[in-house]
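# Structural characterization, general
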Amino acid sequence: MKNIFLVLFSIFLGLIYLYSAYSKIYPIEPFEMTFVDLGLANWKSAPFIARFMIGIEFFLGILFLFQLRIRFSALFSFFLLIVFTLYLFFLLLTEGNQGNCGCFGNSIQMSPLQAIVKNVAMLALSGLLWYFYKFNVYDLLQEKIKNNFLKQYLQKILFSLLFVFSLFIPHILNYVDLDYSSAYLTPPENHFALELDSLFRNAQKQTPPPTLSKGKHVLALMSLTCPHCRIAAKKMKLMKERNPKLDFYFVLNGDDDKLKPFFDDTKASSIPWCMLLGKNFVLLARGTNMPAIYLINNGVVEARLNYQSLEQDEIEKWFSKYSN
C-alpha cells in the first residue's frame with residue numbers, strides 16, 4: 001500500500017511540473033522578464049534562460065511521471081523548489097502579496113503567498129519520495145535486456161536522451177525568433193501624424209501632458225483586459241526602471257473596475273497614463289491588434305511595434321537618434 005501511495009505522489013508531482021512548464025510557454029514573455037527583473041539576464045539572453053528553466057521542469061515532470069530515478073528527481077526537485085520559494089519570499093517582501101506570481105503562467109493566477117503554500121506541499125512530497133521510494137523502473141527494463149552493453153549503460157543513455165529532449169521541447173513549442181530585432185524598427189511605408197488632439201480633448205481620469213505632441217515618446221494604447229497589453233506594460237515598466245530617461249505613456253481602454261487589477265498585475269502605475277474610451281480609442285489605435293505601440297516624434301508615428309518586439313536596446317537607439 002505504501003508503494004502505491006509513493007507512485008501516486010510521484011505521478012502527481014510529475015503532472016504538476018509538466019503543467020507548470022507547458023503553461024509558461026504561451027505566453028513566455030512574463031517568465032522571460034522575471035530573469036531581467038532579477039538582473040540575471042538581459043533582454044537578449046532571457047529568452048534562452050527562460051526556455052532552459054522550462055526544459056528543466058519538463059525533465060523533472062517526465063522523470064516523476066514515468067518513475068525514473070525518483071530519488072535523484074526528488075532531491076533535484078527539493079533544491080529547485082527551495083530556490084523558487086526564496087524568490088517568492090523576495091517578491092512578497094518587495095512587492096506585497098499582489099498580482100500573479102507566474103508559477104503557472106497566465107492559466108492559473110496565484111499570489112506569491114498561495115505559491116509559497118503550493119511549494120511547501122511539493123517540498124513535502126519531494127522529501128517523502130526521496131526518503132521512502134525504493135522502486136526502480138530501470139531494474140525491470142534491465143531484466144528484459146540481454147545485451148550487456150545496453151544493460152550497463154541503459155540508465156545513462158535513457159537519462160541523457162530524456163534530458164536533451166526536455167531542453168528542446170520549449171524551443172519546439174515556442175522558438176526564439178532571432179530575426180525580429182533586425183526588423184524591429186521597420187517603419188511604415190509612410191509616416192503619419194497621430195490625432196493627438198482627440199486624445200487631449202477626450203482623455204479621462206488623468207490629463208495627457210501637452211509635451212506629448214513634442215519630441216519623442218513611446219505611446220502605448222492598451223486594453224485593460226488584454227493579456228498581451230499586460231506583457232507590454234510589464235516590459236515597459238522594467239525598461240523605465242533600468243533607464244528612467246525613456247519616455248513611455250499609456251492610453252488605456254476599459255471599465256474603471258479593471259484599472260486596479262491591471263496595475264496590480266503589471267506594477268506599472270509609475271508610468272503616466274490616461275483613459276480613452278469608445279470610438280476615440282478605436283480611431284487612435286487605427287484598428288491594429290492590441291497593444292498598439294507607436295514610436296512618435298513630434299506627433300508623427302515613425303514606427304509601430306508589437307508586444308513581442310519591445311527591446312530596450314532598440315528603444316534606446318531610437319531615442320538617441322536626432323529628433324526632426
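Residues numbered from 1 in each chain as written. Predicted model: local features only at pLDDT ≥ 70, side-chain atom pairs only at ≥ 80, totals over all residues. Heavy atoms only, no water.

## Considerations on the pattern of salt bridges
With the rule as written, the count across this model stands at 10 salt bridges. Its salt-bridge partner being E32, residue R51 comes within 2.9 Å of it at the nearest N-O pair. Pair noted here: R51 is in helix 3 (residues 46–65) and E32 is in helix 2 (residues 29–37), with a separation of 19 residues, a long-range link. Through salt bridges with shared partners, one network takes in R230, K234 and D265. (Salt bridge = Lys/Arg side-chain N within 4 Å of Asp/Glu carboxyl O. Helix = DSSP H or I, 4+ residues; strand = E, 2+ residues; numbered from the N terminus.)

## Description of the packing of aromatic side chains
Per the stated rule, a full pass over the model turns up 15 aromatic pairs. With centroids separated by 5.0 Å and ring planes inclined at 70 degrees, the aromatic side chains of W318 and F319 adopt a geometry described as edge-to-face. Each of the two residues, W318 as well as F319, counts as buried. Put simply, the rings of F59, F72, F76, F159 and F163 touch in pairs and so form one group of aromatic residues. Sitting over the face of the ring of W318, K216 holds its NZ or CZ atom 4.7 Å from the ring centroid. (Phe/Tyr/Trp six-rings, centres within 6.5 Å; stacked < 30°, edge-to-face > 60°. Buried < 20%, exposed > 50% of the residue type's maximum accessible area, 1.4 Å probe, protein only. Lys NZ or Arg CZ within 6 Å of the ring centre and 35° of its normal.)

## Comments concerning unusual backbone geometry
Note that the residue after Y26, namely P27, is joined by a cis bond; omega there is -10 degrees. In this structure, N298 takes a positive phi of about 55 degrees despite not being glycine. Relative to the helices and strands, N298 resides in the loop between strand 5 (292–297) and strand 6 (300–305). Its relative accessible area of 35% is what places N298 among the partly exposed residues.

## Some remarks on the layout of surface pockets
When its volume is computed, the largest pocket comes out at roughly 800 Å³. P30, T34, Y87, C101 and G102 are the residues nearest the centre of the largest pocket, which is lined by 38 residues in total. Of the residues forming the lining of the largest pocket, the biggest block, 7 residues, is contributed by helix 4 (residues 70–95). (1 Å grid on protein atoms, 1.4 Å probe; cavity = no way out; pocket = protein on both sides within 12 Å on 5 of 7 lines; lining within 4 Å. Points joined across faces, edges and corners; volume = space filled by probe spheres on them.)

## A look at the confidence of the model for the protein
With 88% of its residues at a pLDDT of 70 or more, the protein has an overall mean of 86. Across residues 180–189, confidence stays below pLDDT 50; counting only partners more than four residues off in sequence or on other chains, it has 21 contacts. (pLDDT = per-residue confidence, 0-100. Contact = heavy atoms within 4.5 Å.)

## Side note on the nonpolar core
One finds M222, M236, F250, L252 and I315 to be the most contacted residues of the largest nonpolar core, which totals 71 residues. Broken down by element, this core gets its largest block of residues, 8 residues, from helix 3. If near-sequence neighbours (up to four positions away) are discounted, L252 is found in contact with M222, L224, L259, F262, F263, W273, C274, M275, L276 and F281. Judged by nonpolar contacts, the second largest core, of 18 residues, contains L194, L212, C274 and F281. (Core = buried A, V, L, I, M, F, W, Y, C linked by side-chain atoms within 4.5 Å.)

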